[in-house]
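Spelled out from the first residue to the last, the chains are:
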Protein chains: 2
Amino acid sequence: MADVARRAGFSRTTVSYVLNGRSDVTIPEPTRARILLAAEELGYRRNGIARSLVRNRTQTLGVVVPSLQSSFHAEIVNGIQEVCSRYEFRMLLAYSLDDPQGELEQVRLLLENRVEGLINVGSWRTHDRSAELLDEVLSEGVPCIVVDDCPPDGQVDCVISDDRNGTAAAMRHLLQRGHRRIGHLSGGTRAVPARLREEGYRQALAEAGIPYDPSLVIGWSFSSPDAAQWMEQLLRLPEPPTAVFAANDRLAAEAVVAIRENGFVIPSDVAVVGYGEQPEARYLGLTTVNQAPRDMGVRAAERLFTRIADPDLVPETIVIPTRLVVRQSCGNAE
Amino acid sequence: MADVARRAGFSRTTVSYVLNGRSDVTIPEPTRARILLAAEELGYRRNGIARSLVRNRTQTLGVVVPSLQSSFHAEIVNGIQEVCSRYEFRMLLAYSLDDPQGELEQVRLLLENRVEGLINVGSWRTHDRSAELLDEVLSEGVPCIVVDDCPPDGQVDCVISDDRNGTAAAMRHLLQRGHRRIGHLSGGTRAVPARLREEGYRQALAEAGIPYDPSLVIGWSFSSPDAAQWMEQLLRLPEPPTAVFAANDRLAAEAVVAIRENGFVIPSDVAVVGYGEQPEARYLGLTTVNQAPRDMGVRAAERLFTRIADPDLVPETIVIPTRLVVRQSCGNAE
DNA sequence: ACTTGTTATTGACACGTGTCAATAAACAGG
DNA sequence: CCTGTTTATTGACACGTGTCAATAACAAGT
């Protein structure tokens, strides 16, 4: 910038005014032109680092995501990106890799880089997030929001999918078709969404007056490679289920394969409902629950920006509605 | 940091030395301890922006990606991330959204933010990338690498999948099974990978002594929603193909659905081979070609880091080998 | 006690920008 | 020609760090 000033024959200050298009200070057209010309000729590119330092605004959001293996997480990031570009913000992407220690470290790195806001996408192998991590972020005063998880103390904004109603819809779909012996491939109890779905499963049974049979519930992770075996175990039961509610499309997909490989037919022998529409669901004919992950990202980012504008908002929980996607895996009918 | 110095009763310089653990300057243990204590008590967090400014090193890579809709691109980003964290680099992620103008703008933003290297993941609706964009980046002297595209003038590193051999393998798979009338759902001729696959298709036919029939080739985009109609058009041909090679798993998936919906059976009526293993391929039983996108990201990032270390390397093209994944969509066994 | 050498500590500058208050120039009114 | 007023331009400081050369403290050797 000093070079531009020298070349144009003006002071650096004037150059700065021109290049930032300040409206409160009048620059006569001829000098404007000469400065812009000089900048062009020198191929000047402003140094965003220095600018960030002096303005104390990086125009950058930090996003921590377990990884991008799952299209669910990738779609959340897509949503965030959309809003970011609308606000002319950059996106610093970090991976927690489902590791609490790594997550903390990544967040620290982002804070060092002075992100103006932080989006933390929940890990499926999640731990108690609240304590250390959130304290650290909040005490720093950096606006923060959690997606797909919801720390219990309500100190922070979060965006979650409406697992309760989503699960209810999925279960209702099966119950309405006359199934009374319904298995559940569970995502465990550590991750909040997994727990909610298992709870939803039990509640739906209770409301239908069906006793809870623990032998019909199996599984402890959203992403375990053992899902096929879990399904086989259900099929080998003396009284196997006539339908299965999987906490996850990934689990559901494995279940579908396992069911077919064991010579059963979907949906006549066993009906299957998944959760969290993944791309493969369509080709499996899998009835599932769409979580609108892109919306989750969009809403989270939007909320974060309003909090950046007004840091004193009281934290709220945003619930994104789900949508049942009916395909063939539970039979046709009305 | 000045606060820490004041509290510990030392100068800012000493604090800086301690906090950066400089080995060439000796700090006695007691002062070290007092400074670390003071930093801890004040919850000091170093300002990465100021640090970047003075060191002229941001430890940040810029990554431009069309979007994360496709798991192919998401996996590339995963690979890049892996290497980044190994080098303790951050990742600034920008979306080109398949738009040349937007891409240029994003790249400029990244350059403003002084990324130390730039990874440009090829857009499928790509234009002539070389001219404006690469000139700008290269003249800036910022190390750069292109993934999944290969500018013709060889001025820049790039990582591409071995489309030639991959396509050959896919076609050989069909030819060995006796198919002589093979259709092709094309990704068009604009994107380099799409063009290579179409060329590979023709070449494989030529080598097998089969004349090229233009009516068997249809399609112009990797991501068009019209793919099902293209497939139906092939099926309605007076002499329909007995096999189809799709440039893309996405196209292949649509084709599979269309084939079944039109009452044909896979693979006995029509065999299908896709390309670029997507997650849904597994559940469709789709024979396809794995491109190892994660490896592409890893190799690209690694190459970029070696170029950052030594900017005068002569540009090279890294070809990632593919792997044929045989499933049921072409019939069993040899 | 004086020099020499070693160890600890620090002052001062640089990085590239944004911004405010101050200066210089131009201009209008008498 | 002088004064007051608007318009253009600029010098100087701040942002928070890394680093070099210089100083201060101190031990060891004569």
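From a predicted model like this one, the values you see are computed outputs, not experimental measurements.

**Student:** Summarise the packing of helix α8 (residues 163-176) of chain A against helix α9 (residues 192-207) of chain A; cite the residues concerned and give the values.
**Tutor:** Between two packed helices, the angle of one axis relative to the other and the distance separating the axes together describe the packing. Residues and elements named next belong to chain A. Direction vectors running N to C along α8 and α9 enclose 40°, while the axes themselves pass 9 Å from each other. Looking at the two axes, α8 sits oblique to α9. Considering the relative orientation of α8 and α9, their crossing is right-handed. Taking contact as the criterion, the partners of D163, R164, T167, A168, M171, R172 and L175 in α8 are, on α9, P193, L196, R197, G200, Y201 and A204. Its residues placed into classes, the contact of α8 with α9 shows seven nonpolar, two polar and four charged.

**Student:** Give a detailed account of the protein's contact with DNA strand D, specifying residues and quantitative values.
**Tutor:** Taken together, 23 residues lie near DNA strand D, and S11(A), T26(A), M1(B), N47(B) and A50(B) sit nearest. Secondary structure elements with two or more residues in the surface near DNA strand D: α2 (12-19) and α4 (48-55) of chain A together with α2 (12-19) and α4 (48-55) of chain B. The element best represented in the surface near DNA strand D is α4(B), accounting for five residues. The residue inventory of the surface near DNA strand D, partitioned by class, reads 10 nonpolar, nine polar and four charged.

**Student:** Account for the interface of chain A and chain B, naming residues and giving values.
**Tutor:** Contact residues are listed per partner, giving 35 residues for chain A and 35 residues for chain B. Counting residues per element, the side of chain A that touches chain B draws most heavily on helix α5 (residues 71-86) of chain A, at six residues. Looking at the side of chain A that touches chain B residue by residue, the classes come out as 16 nonpolar, 13 polar and six charged.

**Student:** Describe the sheet that holds strand β7 (residues 217-218) of chain B, with residues and values.
**Tutor:** Residue and element names in this part refer to chain B. Spatially, β7-β6-β8-β9 is the arrangement adopted by the four strands of the open sheet, whose pairing is parallel. Among the strands making up the open sheet, the edge pair consists of β7 and β9 (271-273). Pairing of strand β6 (residues 182-185) with β7, which is carried by two bridges, proceeds in the parallel orientation. When the sheet's bridge partners are listed, L185 is paired in β7 with I218.

**Student:** Run through the environment of A194(B), naming residues and quoting values.
**Tutor:** Residues and elements named next belong to chain B. Turning to its location among the elements, A194 is positioned in helix α9 (residues 192-207). In the structure, A194 is positioned 102 residues away from L92 in sequence and 28 Å away in space, judged by C-alpha atoms. Those residues in contact with A194 that lie beyond four places of it in its chain are S186, G187, G188, T189, F222 and A247.

**Student:** Describe helix α13 (residues 293-309) of chain A, and please don't skip the residues or the numbers.
**Tutor:** Residues and elements named next belong to chain A. For α13, built from 17 residues, the straight-helix expectation of 24 Å at 1.5 Å per residue is met to within 8% by its first-to-last C-alpha distance of 25 Å. For α13, every residue scored as buried is listed here: P293, R294, M296, G297, V298, R299, A300, A301, R303 and L304. Tucked into the core, α13 has its buried residues touching α5, β3 (117-121), β4 (144-147), β5 (157-161) and β11 (317-320).

How each quantity is defined
Residue positions are given per chain, counting from 1 as you read along its sequence in written order. The lettering of chains begins at A and the numbering of ligands begins at 1, in the order of writing. With the structure being a predicted model, the display of local features is reserved for residues of pLDDT at least 70 and the display and counting of side-chain atom pairs for 80 or more, all residues being used for whole-chain, interface and lining totals. Each axis is a line fitted through C-alpha atoms, and for a helix only the stretch in contact is used; angles between axes span 0 to 180 degrees, taken between their N-to-C directions. Secondary structure elements are taken from DSSP: a helix is a run of H or I of four residues or more, a strand is a run of E of two residues or more, and numbering for both begins at the N terminus. Comment on the angle field: the value is read as roughly parallel under 35 degrees, roughly antiparallel over 145, roughly perpendicular from 65 to 115, and oblique elsewhere. Crossing handedness is defined as follows: a turn of the near helix away from the far one that is anticlockwise and smaller than a right angle gives a left-handed crossing, while the clockwise case is right-handed. We call two residues in contact when their backbone-placed C-beta atoms lie within 7 Å. Polar here means any residue other than Ala, Val, Leu, Ile, Met, Phe, Trp, Tyr, Cys and Pro, which are nonpolar, and Asp, Glu, Lys and Arg, which are charged; Gly is therefore polar. Each residue receives a C-beta atom built from its backbone; the residue is near a molecule or strand if that atom lies within 6 Å of it. Between any two strands, at least two bridges found by DSSP are needed for them to pair. Given the number of residues in a helix, its expected span is that number minus one, multiplied by 1.5 Å. With C-beta atoms placed from the backbone, a residue counts as buried when 20 or more other C-beta atoms lie within 10 Å of its own, as exposed when 12 or fewer do, and as partly exposed for counts between those limits.

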